[in-house]
Every structure is written in C-alpha cells, then in structure tokens.
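# A structural walkthrough
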Amino acid sequence: MNRVVNFDFPTDQPERAKEFFTDIFGWKFKEWLNEDYWLVETGDKIKRGINGSMIKRRHPDQKPTVMIQVENIDITLKKVIDEGGLVVFPKRTIPKVGYMAYFNDPEGNTVCIMQFTTDAI
Amino acid sequence: MKVIHFEIPARDPERQKHFYSTVFNWKFSQWKDVGFWVALTGQPPEFGIDGGIIDVKELDIPLNSIIEVEDIDDVLQKIKAKGGKVAVPKFFEQGVGYLAYFRDLDNNVFGLRQVDPLICKKSEAYEQSSKF
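All of these numbers come straight from a predicted model, not from anything done at the bench. (Residues numbered from 1 in each chain as written. Chains lettered and ligands numbered in written order. Predicted model: local features only at pLDDT ≥ 70, side-chain atom pairs only at ≥ 80, totals over all residues.)

### Details of the sheet that holds strand β8 (residues 109-115) of chain B
All names here are of chain B. With mixed pairing, the 8 strands of this open sheet are ordered in space as β2-β3-β4-β1-β5-β8-β7-β6. At either end of the open sheet lies a strand with only one pairing partner, and these are β2 (27-30) and β6 (85-93). Averaged over all adjacent pairs, the angle separating strand axes in this sheet is 25°, with direction ignored. Strand direction decides the pairing type here: β6 and strand β7 (residues 97-103), joined by 6 bridges, are antiparallel. Counted as the bridge partner of Phe92 is Tyr98 from β7. (Pairing = 2+ DSSP bridges. Helix = DSSP H or I, 4+ residues; strand = E, 2+ residues; numbered from the N terminus. Axes fitted to C-alpha atoms, helices over the stretch in contact; angles between N-to-C directions.)

### Re the sheet that holds strand β3 (residues 37-41) of chain A
Residue and element names in this part refer to chain A. With respect to topology, 8 strands assemble into an open sheet ordered β2-β3-β4-β1-β5-β8-β7-β6, the strand pairing being mixed. Edge strands, defined here as strands with exactly one partner in the open sheet, are β2 (28-31) and β6 (86-94). Neighbour-to-neighbour, the strand axes of this sheet turn through a mean angle of 25°, independent of strand direction. Sheet analysis places strand β5 (residues 65-69) next to strand β8 (residues 110-116), joined by 3 bridges and oriented parallel. Looking across to β8, one finds that Met67 is bridged to Cys112. Sitting on the sheet, helix α2 (residues 73-82) is in contact with β6, β7 (98-104) and β8, with an inclination near 175° to β6. (Contact = placed C-beta atoms within 7 Å.)

### Details of the environment of Thr76 of chain A
For Thr76 of chain A, the location among the structural elements is in helix α2. What makes Thr76 of chain A buried here is the crowd of 22 C-beta atoms within 10 Å. Taking the C-alpha atoms as reference points, Thr76 of chain A and Glu19 of chain A, separated by 57 residues in sequence, lie 37 Å from one another. The residues contacting Thr76 of chain A, other than those within four sequence positions of it, are Val70 and Ile113 of chain A together with Val23 of chain B. (Buried ≥ 20, exposed ≤ 12 C-beta atoms within 10 Å, placed from the backbone.)

### Here's the deal with the interface of chain A and chain B
Accessible area lost during the coming together of the parts is what is often quoted as the interface size. With 40 residues of chain A at the interface, the matching set in chain B holds 39 residues. Mapped by element, the contributors of at least two residues to the side of chain A that touches chain B are β1 (4-11), α1 (14-25), β5 and α2 of chain A. A breakdown of the residues in the side of chain A that touches chain B according to their chemical character gives 16 nonpolar, 13 polar and 11 charged. (Nonpolar A, V, L, I, M, F, W, Y, C, P; charged D, E, K, R; others polar.)

### Re unusual backbone geometry
All names here are of chain B. Cis geometry is adopted by the peptide bond preceding Pro45, which originates at Pro44 and carries an omega value of 10°. With respect to the helices and strands, Pro45 occurs in the loop between β3 (36-40) and β4 (51-55). Unusually for a residue other than glycine, Asn107 sits at a positive phi of about 75°. Its place among the elements puts Asn107 in the loop between β7 and β8.

### Quick word on the domain arrangement of chain A
Partitioning chain A into structural domains gives domain 1 (7-60) and domain 2 (70-121). The straight-line distance from the C-alpha centre of domain 1 of chain A to that of domain 2 of chain A is 21 Å. (Domains from an automatic or database assignment.)

### Thoughts on α1 of chain A
The end-to-end C-alpha distance of α1 of chain A, which contains 12 residues, comes to 16 Å, matching closely the 16 Å that a straight helix rising 1.5 Å per residue would cover. Looking at α1 of chain A, one finds that the buried residues are Ala17, Phe20, Phe21, Ile24 and Phe25 of chain A. Buried residues along α1 of chain A cover an arc of 85° about the axis, so they all sit on one side. Looking at the buried side of α1 of chain A, the elements it contacts are β1 and β4 (51-56) of chain A together with β5 (64-68) and α2 (72-81) of chain B. (Expected span 1.5 Å × (residues − 1). Arc of directions from axis to C-beta.)

### Let's talk about the environment of Tyr102 of chain A
Residue and element names in this part refer to chain A. Relative to the helices and strands, Tyr102 is located in strand β7. Sequence separation between Tyr102 and Ile113 is 11 residues; the distance between their C-alpha atoms is 6.2 Å. When residues no more than four places from it in sequence are discounted, the contact partners of Tyr102 are Val88, Phe89, Thr110, Val111 and Cys112.

### Brief notes about the nonpolar core
Core analysis: the largest hydrophobic core is formed by 53 residues, its most contacted members being Val4, Val66 and Ile68 of chain A. Inspection of this core shows a minimum of three residues originating in each of domain 1 (7-60) and domain 2 (70-121) of chain A. Among all residues touching Val66 of chain A, those that are not within four sequence positions of it are Val4, Phe7, Val111 and Cys112 of chain A together with Phe6 and Ser65 of chain B. (Core = buried A, V, L, I, M, F, W, Y, C linked by C-beta atoms within 7 Å.)

Given below as structure tokens:
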C-alpha cells in the first residue's frame, strides 16, 4: 500500500520555527547533511503517528505537504501524469535512502512521493 | 505530540477521490453525510497514517497535517502566546473529538485534534469486553 509516512513544511527562519514547535509540541530537530533540511522527531516511537521534516524555504509559494511511500517511483510518476497530475520536482536520488519527487494533484496541491531503497546511489 | 492524520482539500471531491484511489490505491468512505471522505491508505502494522479528502465547501483549508494533542485549549493558548494564529477555532465533531487549525510563524497551516474522552472510554470498554 501507499501510506503517508512523513510530513514536511517550509520556513524562512529555521531557529524561530524550531523554538516554536519545540516549546509547544516537544518536537526535536536534527539537521540533515547541512542541507538546510531538518528531521523532526515528533514523539515516542512506539506511539502511533509519523515524524516530519522542516525545509528552509526554496521557493516563495512552497507549502506544507505529506510524503507518500511508493514501491516504484517511476510507475507512480507515470500514473500521476496519466491521471492529470503534474510533476513539479522531478525524481531525485538521495544516496542510500531512496528516490524522491514532488507532484501537483489535479487541483494543484503539492505532494511528495518516496521510494525507499538503500541501493539508491 | 505526533502527526496522526492528514487532509487534502478538494474543489471537486469526485476528481480528487478518483486521482488518489487510482494512483495510490486509497479507499474512500464518506464521513456521515458531510463533505469529508476518510482515506484508508493501508493496514497496521504497516507504518503510516490515514487521512481524508475535505470538500472546500465544508471547510476551506489547505493541505494539512493534524497533530494529536492532549489539551487543545492549552495548546491553542501557547500558539497564540508564541505569535501563531488560530486559523479555525476549536469545534467539536461527534465521533472524532475537538479540532482546530492554526498558522505557525511562517504562515503554514496545521490541524490539532484532541480525541473525545468518551470515544476512548468506549473503545477501552470495547477492548475489555472483546477479551471475553
């Protein structure tokens, strides 16, 4: 199945955003490879729910989104296009993690898809 | 406090349901008789969360993730004290609990959900009774 496994949101001021979410929700932030990208640990691993990511804003109209895990990103991207979606951030390799892309659904909502595979180089 | 649900807005719910069920195999079922369709995306123990498609005529809200909280009033107060804004004030949805939406300091919208304690009691009672 293709489940939502992560969420992400942009920020202009990472330090301010970190303080906001840490103070109110107890979230923990860990920077990922100095890429202006932070992994967000939202709570106890054994409790239901997902973790997230915070991204230093890369374009002005960037919005929060969710990440859907897929088995084969190429097949999913083809289906997205066939069904009237638009690929807005083409497939990108994240070494040893997997392949990632962003698309817009037919109403223009941006969504992330991720194929996890440690074979990705 | 963890993200336990997500919502995707729809101006045309049929088109959105068709898209997500065709591309991702999600199954939809309408919530009561309102413009909200629960998206079943998989089965535990498979990791991940379910979500929903919401008709913008029901609630005009952007794509958002919903954070489960224990005390929604306390969290809303903290959000305001820290400079965040309430986007949709707290309301009660029978069978779900208390919901509200806020904007963080970067204008991102998130949802909040406090589970109705009566539902917890019922499901605990159900779990207890189902053991026998």
